[in-house]
Amino acid sequence: MSFSPGKLAVIGAGSVGSSLAYAALIRNSAREVVLYDINTAKVDAEVLDLAHGTPFIGSSSITGGSDLALIRGAQAVVITAGAKQEPGQTRLELAGVNAGILRSLLPKLVELAPDAVYVLVTNPCDVLTVIAQDLVDLPAGRVFSSGTVLDTARLRWLIADAAKVAASSVHAAIIGEHGDSEFPLFSAATIGQTPLDEWKDERGEIVFTRNRLERLTSDVVNAAQKIIAGKGATNYAIGLSGARIVEAIFRNERSIMPVSSVLNGYRGIEGIALSVPSIVGAGGVERVLDVPMDEHEQQLLQKSADALHAAVSTVRSSV
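Residues numbered from 1 in each chain as written. Predicted model: local features only at pLDDT ≥ 70, side-chain atom pairs only at ≥ 80, totals over all residues. Heavy atoms only, no water.

Enquirer: So what's going on with the sheet that holds strand S16 (residues 284-288)? Residues and values would help.
Expert: With antiparallel pairing, three strands are arranged side by side in an open sheet as S12-S15-S16. Looking at which strands have only one partner, the edges of the open sheet turn out to be strand S12 (255-257) and S16. On average, each strand axis in the sheet is tilted by 40° relative to the strand beside it, whichever way the strands run. Packed on one face of the sheet, helix H8 (residues 236-250) meets S12 and strand S15 (278-281) and runs near 145° to S12. (Pairing = 2+ DSSP bridges. Helix = DSSP H or I, 4+ residues; strand = E, 2+ residues; numbered from the N terminus. Axes fitted to C-alpha atoms, helices over the stretch in contact; angles between N-to-C directions. Contact = heavy atoms within 4.5 Å.)

Enquirer: Could you give an account of the sheet that holds strand S7 (residues 170-171), naming the residues involved and the relevant values?
Expert: Taken in spatial order, the three strands of this open sheet run S7-S10-S11, and their pairing is antiparallel. Unpaired on one side and paired on the other, S7 and strand S11 (194-195) mark the two borders of the sheet. Pairing of strand S10 (residues 190-191) with S11, which is carried by two bridges, proceeds in the antiparallel orientation. Looking at the pairing, Ile191 lines up with Thr194 of S11.

Enquirer: Tell me what's going on with the packing of helix H1 (residues 15-26) against H8, and back it up with residues and numbers.
Expert: H8 packs onto H1 with a crossing angle of 50° between their chain directions and a minimal axis gap of 8 Å. Relative to H8, the element H1 lies oblique. As H1 packs across H8, the resulting crossing turns out to be right-handed. Together, Val16, Ser19, Leu20, Ala23 and Ala24 of H1 and Tyr236, Ile238, Gly239, Leu240, Gly242 and Ala243 of H8 make up the contact between the two elements. Partitioning the contact of H1 with H8 into residue classes produces eight nonpolar, three polar and no charged. (Parallel < 35°, antiparallel > 145°, perpendicular 65-115°, else oblique. Left-handed = near helix turned anticlockwise from the far one by under 90°. Nonpolar A, V, L, I, M, F, W, Y, C, P; charged D, E, K, R; others polar.)

Enquirer: Provide a residue-level description of H1, including the pertinent values.
Expert: Count 3.6 residues to each turn of an α-helix, and residues three or four apart come out pointing the same way. End to end, H1 covers 17 Å across twelve residues, agreeing with the expected 16 Å (1.5 Å per residue, within 8%). With respect to burial, H1 is a largely interior element, nine of its twelve residues being buried. Where H1 is buried, its residues meet strand S1 (7-11), strand S2 (32-36), helix H2 (40-52), strand S3 (61-65), strand S4 (76-79) and H8. Downstream of H1 by one or two residues, Asn28 has phi in the positive range, about 55°. (Expected span 1.5 Å × (residues − 1). Buried < 20%, exposed > 50% of the residue type's maximum accessible area, 1.4 Å probe, protein only.)

Written as structure tokens, this is what we have:
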């Protein structure tokens, strides 16, 4: 099986799925993008609109429809199908209905694309990653979720804006649940080679005080709710995040990303999917990294695991 940019299947032609397909096309993340949805009129319209723009991009192509067989042989499958998050609704409240959708979809997808790497974007993505591993027998790391890749991008953008530097020069991560209990690894965060808590402005004053860091954390955790309240959904940035993960898979980059996979023996965590820095390549999550954490961060990680353990138990009993 070749892992050069190949066939990407995007499941769900809603705002997230369509944005992800668009991002994958314009970034040339895949040679072929297939967009699937049960709503024939919707998915046909999205595919046609995207296809009309392909003369302006590289060699990538777009096809799709409401026939699931179209995804046959895909090398990467990104699942975005599910009920959307409503204003004021937590990601964990979405769990029951979206677990049911996943249960009906995933075994069929694996039958059609048995060698694919499966990336879950549907929320609550951490809970659904555990449910996915319950549903299908795939090697470890071949099913994972986008986790806190987007949350980390939000944090890096906010830090870069405050420090007046390029986001690419900010090295920081959000880990844990993709949701209310997520948290930043500030103890290891740097701008260039400078620890975040030592970064100074032009006047020589410390920029990232404790209060500033707490505000940054709150801004990241509440970012989705703010966007949902204003426009009904988050779609562009998560679309770009998904396309970026697909690139790491197809190009076998072995990039380090805070994706969410089922952890076993990670700092005492068993059978729960959480985002921690992981090596992502052709086989999906190829290695989970035990990164340095201070005592407070370790406590926050356990708190996040406890919250998700309760959610997984509830969903498992209802699926």
